[in-house]
Amino acid sequence: MKTIIEPFRIRSVEPIRMTTPTERARLLEEASYNPFLLRSDDVLLDLLTDSGTSAMSAAQWAGIQRGDESYAGSPSFYRFEAAVQEIFGFEQVIPTHQGRAAERILFSTLCGPGDIVPSNTHFDTTRANVEATGARALDLPSPQGLDPAVPHPFKGDMDADRLAEVLEEHAPDRIPLVMLTVTNNTGGGQPVSMANVRRVSELCAQHGVPFYIDACRFAENAYFIKLREEGYAERSIPEIVRELFSLADGCTMSAKKDGLANIGGFLASNDESLARKEKNLLILTEGFPTYGGLAGRDLEAIAVGLREVLEEDYLEYRLASVRYLGERIAAGGVPIMQPPGGHAVYIDAARLLPHVPPLELPGQTVVAELYLEGGIRAVEVGTVMFGTRDSETGEESPAAMELVRLALPRRVYTQSHVDYMVEAILNFHARRESVGGFRIVEQEPVLRHFTARFEPLYELAVSGTSGG
Ligand SMILES: *Cc1c(COP(=O)(O)O)cnc(C)c1O
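Residues numbered from 1 in each chain as written. Predicted model: local features only at pLDDT ≥ 70, side-chain atom pairs only at ≥ 80, totals over all residues. Heavy atoms only, no water.

Enquirer: So what exactly am I meant to see when it comes to the pairing of strand E2 (residues 92-96) here?
Expert: Where a strand is regular, its side chains alternate between the two sheet faces. Most of E2 is tucked away, with 5 of its 5 residues classed as buried. The two faces of E2 match: Gln92, Ile94 and Thr96 on one face and Val93 and Pro95 on the other face are all buried. Across 5 bridges, E2 lies against strand E8 (residues 265-269) in antiparallel orientation. Of the residues in E8, the one forming a bridge with isoleucine 94 is leucine 267. (Buried < 20%, exposed > 50% of the residue type's maximum accessible area, 1.4 Å probe, protein only. Helix = DSSP H or I, 4+ residues; strand = E, 2+ residues; numbered from the N terminus. Pairing = 2+ DSSP bridges.)

The structure is reproduced here in structure tokens:
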């Protein structure tokens, strides 16, 4: 069969509250054109993030029922620990309430002022937690990862030649560890090849530097390796995962991604004395080492989710739905980051709206118009999020790229939902020349994209106040 189907039946549903364009125009105006300020009840299809938004399976809900909430030594912890040990091959398993808590504990144990932590690309919380220790977070993306229009099978790779130079100059004294993010979140989950993981691992071993993987989307990455890397087509996903993590000294994980859970994370390694120090920090802010800030029921949901995410039928469906969305809108003329990654499609708003200059925030226009057109919530990843502002003159500088991210929650939407997304995006594309830009009327000094208020610099097709 050529048709790839959702490998699940639905037996518990949540209604979507339908809205009209006129209603959406009013709601968007009330939210000051910032989708983060919308109520999720007013959104039809929510593509804001794939984090913590997965639908859980019947087996995960059964795990929730059996969750044991003992303060110490809960059987739920031992089931969680066994799942992580078996899948990733690390002995020391420290549960945390999210990925960033694992990061904070790892970096505050290993890093200090003057240190450098290289990565293919640090995720924003990873970078912030490295920098909070006084160390520098250094991104070394591969050259093929930098051009959005050029397809390449492994755009998430690290530039290993540059890593070799950095290690030559600063290791081991100034490099407490090297990180590698799989998949590389930047650019919508571009995968890292096993060959690149192996090369990074060898370089770290030569220089006596620990090597950690940011494992958030480890299963999606493993499936890309199976599909795209020579020698892996016949290997099972659990085997590929075990091989990948056997090359590392440890990992940090957010179970809100490939844990198929709504909350949770962990830090894992084979270093017992390091784990002892980490557990002391864990007790300070997260909790006792057999729950680490999570309820026993959350540990059960993660233990089941980590096994379900390795199923090939699920991964085939997952990557197919992201690819389908990307290919369909690209075929309709919408410029996207190529090829589509594991969890998201990125629209290139600068190329879609060349008549809107970067400082008039073309990504914000796309985000506002997709909500008006179809009740779809996406997120701007451009000048609103990454532009800089001179604190004295107030002068704005644009970001390097103007992107809009469409992140697909796991197991939540069906093929007809994706068809609806495609139709809404192509409807907007057809009238792209009639839209203009936006300006910011209110903003905070840090992470402004969450709370900024905007005003359109053009007349929206449906006006909220006129009731059009
Ligand atoms: C989400 C994410 C994190 C942080 O995890 P949280 O659970 O949100 O704290 C770290 N790295 C990557 C690549 C992520 O996607």
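Enquirer: Sorry if this is basic, but what is going on with the packing of aromatic side chains here?
Expert: Tallying each qualifying case throughout the model produces 15 aromatic pairs. With 5.2 Å between their ring centres and 75° between their planes, phenylalanine 77 and tyrosine 78 make a pair best called edge-to-face. Assessed through its relative accessible area of 5%, phenylalanine 77 is described here as buried. We classify tyrosine 78 as partly exposed; its relative accessible area is 44%. Chaining the aromatic ring pairs together yields one cluster made of Phe77, Tyr78, Phe80, Phe88, Phe90, Phe218, Phe245 and Phe266. In this structure, lysine 257 is placed above the aromatic ring of phenylalanine 123, and the distance from its NZ or CZ to the ring centre is 5.2 Å. (Phe/Tyr/Trp six-rings, centres within 6.5 Å; stacked < 30°, edge-to-face > 60°. Lys NZ or Arg CZ within 6 Å of the ring centre and 35° of its normal.)

Enquirer: I tried to follow helix H5 (residues 124-131) on my own but got confused; where do I start?
Expert: Since the α-helix turns once every 3.6 residues, residues separated by three or four places project in the same direction. Every buried residue of H5 is listed here: Thr125, Thr126, Asn129 and Val130. With its buried residues spanning 135° around the axis, H5 presents them on a single face. Among the structural elements, helix H4 (99-110), strand E3 (116-119), strand E4 (136-139), strand E5 (178-181) and strand E6 (211-214) are those in contact with the buried residues of H5. (Arc of directions from axis to C-beta. Contact = heavy atoms within 4.5 Å.)

Enquirer: Whenever I open this one, the pattern of salt bridges confuses me. Can you help?
Expert: As enumerated under the stated definition, the model contains 31 salt bridges in all. Glutamate 69 serves as the salt-bridge partner of arginine 297, at 3.6 Å between the closest nitrogen and oxygen. Taken together, the residues span a long stretch of sequence, with arginine 297 in helix H12 (residues 296-308) and glutamate 69 in the loop between helix H2 (58-66) and helix H3 (75-88) at a distance of 228 residues. We classify arginine 297 as partly exposed; its relative accessible area is 39%. Linking aspartate 419 and arginine 328 is a salt bridge whose minimum nitrogen-to-oxygen distance equals 3.5 Å. Residue aspartate 419 is found in helix H17 (residues 415-430), and its partner arginine 328 is found in helix H13 (residues 312-331); the two are separated by 91 residues along the sequence. (Salt bridge = Lys/Arg side-chain N within 4 Å of Asp/Glu carboxyl O.)

Enquirer: Just to check I follow, could you spell out the confidence of the model for the protein chain for this structure?
Expert: Caution applies to low-pLDDT parts of the model: their predicted coordinates are not meant to be read in detail. The share of residues in the protein chain with pLDDT of 70 or more is 98%, and the mean pLDDT across the chain is 95. Scored below 50 in pLDDT, residues 464-468 makes 7 contacts in the model with residues more than four places away or belonging to other chains. (pLDDT = per-residue confidence, 0-100.)

Enquirer: Help me understand the environment of phenylalanine 454, please; the structure alone is not making it clear to me.
Expert: One can find phenylalanine 454 in strand E16 (residues 453-456). Once the C-alpha coordinates of phenylalanine 454 and asparagine 34 are considered, the two residues, 420 residues apart in sequence, prove to be 6.8 Å apart. Not counting the four nearest positions on each side in its chain, phenylalanine 454 is found in contact with Ser32, Tyr33, Asn34, Leu361, Gln364, Val384, Phe438, Arg439, Ile440 and Val441.

Enquirer: Would you explain the sheet that holds strand E9 (residues 344-348) in this entry?
Expert: Within a sheet, each strand pairs with its neighbour through backbone hydrogen bonds, oriented either parallel or antiparallel. Here 3 strands make up an open sheet; going across it, the order is E9-E14-E11 and the pairing antiparallel. Of all strands in the sheet, those with a lone pairing partner are E9 and strand E11 (379-381), marking the two edges. Each strand of the sheet is rotated relative to its neighbour by a mean of 35°, with strand direction disregarded. Across 5 bridges, the pairing between E9 and strand E14 (residues 403-407) is antiparallel. When the sheet's bridge partners are listed, alanine 344 is paired in E14 with alanine 407. (Axes fitted to C-alpha atoms, helices over the stretch in contact; angles between N-to-C directions.)

Enquirer: Please explain the state of the cysteines as it appears in this structure.
Expert: Simply put, the disulfide is a covalent bond whose two ends are the sulfur atoms of two cysteines. Following the criterion strictly, the structure yields 0 disulfides and no others. We note that cysteine 204 lacks a disulfide partner, and the nearest cysteine sulfur, in cysteine 111, lies 13 Å from it. Overall, cysteine 204 belongs to the buried group, its relative accessible area being 1%. Not engaged in a disulfide, the cysteine cysteine 251 finds its nearest cysteine sulfur in cysteine 216; these two sulfurs lie 9.3 Å apart. We classify cysteine 251 as buried; its relative accessible area is 0%. (Disulfide = S-S within 2.5 Å.)

Enquirer: What is the right way to read the domain arrangement of the protein chain from this model?
Expert: Where interface size is given, it is often the accessible area lost as the parts come together that is meant. Examined at the domain level, the protein chain breaks down into domain 1 (21-50 + 311-456) and domain 2 (58-308). A C-alpha centroid distance of 28 Å is found between domain 1 and domain 2. Facing the 24 residues of domain 1 at the interface are 30 residues of domain 2. In total, domain 1 and domain 2 occlude about 2200 Å² of area from one another, counting both sides; carbon and sulfur atoms represent 55% of this. Three residues, Glu312, Leu315 and Arg410, lead the burial of domain 1 against domain 2; their summed loss comes to 23% of the area buried on that side. Our count for the contact surface shared by domain 1 and domain 2 stands at 6 salt bridges. In this assembly, domain 1 and domain 2 are joined by 13 residue pairs in polar contact (both at pLDDT 80 or more). (Domains from an automatic or database assignment. Buried area = accessible area lost by both parts, 1.4 Å probe. Polar contact = N/O pair within 3.5 Å; in protein donor to acceptor, adjacent residues only side chain to side chain.)

Enquirer: Before we go on, may I ask you to explain the sheet that holds E8 in this structure?
Expert: Taken together, the 5 strands give an open sheet; going across it, the order is E2-E8-E7-E6-E5, and neighbouring strands pair in mixed fashion. Strands at the two margins of the open sheet, each flanked by one partner only, are E2 and E5. The sheet shows a mean angle of 15° between the axes of neighbouring strands, taken without regard to direction. Of the strands in this sheet, E2, E6 and E8 are in contact with helix H11 (residues 272-285), which crosses E2 at around 15°.

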